[in-house]
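Residue strings, one per chain:
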Amino acid sequence: MTNPKQDPDYAIKVEKAIAEKYGIETVQHPEKDWTPEKEQEYIEQRRLLNEKIRNLSEKTEKVEVQGVLISKKLLNKDSNRVCPICHIYSFDSKDDIHMIKHDCCYKCYITWIDGREKRWAAGWRPKQGEKK
């Protein structure tokens, strides 16, 4: 090829060389085959992509729970993860069983209920700030 400063048809020659090597589609204008139907399909694809991105960002959003930032994805909206006895947020999966059965976390179960289930079932609860 010649020097681009001396040859006024240099761009045309480069385009022709690219078309020969990679095919004619590589040098065509992008709007050549664009139709209103393709435009609508593109708009729908962008809408779906933006919706997925929005849903993903909602899941990775952080929420403050008792002074700690926790991913919104980790929070279960159906259950209360705060123990009503010790008021500590539960991350432990074994707390789920005790939250359902005894309405307290595993630590409170060991401290206040284990071996005293009848008293707990009768309605006894530790006083605020009471230690074992």
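All values derive from a computational prediction rather than experimental measurement.

Draft legend 1. Looking closely at the packing of aromatic side chains. Scanning the model with the defined rule gives three aromatic pairs in all. Aromatic pair tryptophan 34 and tyrosine 42: ring centres 6.1 Å apart, planes at 70°, arrangement edge-to-face. Judged by relative accessible area, tryptophan 34 falls into the partly exposed class, the value being 41%. Tyrosine 42 gets classed as partly exposed once you look at its relative accessible area, which sits at 38%. Ring plane angle 65° and centroid distance 6.4 Å describe the contact between tryptophan 120 and tryptophan 124, whose orientation is recorded as edge-to-face. Classification of tryptophan 120 as buried rests on a relative accessible area of 6%. Directly above the ring of tryptophan 124 sits arginine 119, whose terminal nitrogen or CZ lies 3.7 Å from the centroid.

Draft legend 2. Up close: the environment of tryptophan 34. As for its position among the elements, tryptophan 34 is in the loop between α1 (10-22) and α2 (36-60). Those residues in contact with tryptophan 34, other than ones at most four positions away along the chain, are Glu39 and Tyr42. A distance of 2.6 Å separates a polar atom in the side chain of tryptophan 34 from a polar atom in the side chain of glutamate 39.

Quick notes on the rules
Residues numbered from 1 in each chain as written. Predicted model: local features only at pLDDT ≥ 70, side-chain atom pairs only at ≥ 80, totals over all residues. Heavy atoms only, no water. Phe/Tyr/Trp six-rings, centres within 6.5 Å; stacked < 30°, edge-to-face > 60°. Buried < 20%, exposed > 50% of the residue type's maximum accessible area, 1.4 Å probe, protein only. Lys NZ or Arg CZ within 6 Å of the ring centre and 35° of its normal. Helix = DSSP H or I, 4+ residues; strand = E, 2+ residues; numbered from the N terminus. Contact = heavy atoms within 4.5 Å. Polar contact = N/O pair within 3.5 Å; in protein donor to acceptor, adjacent residues only side chain to side chain.

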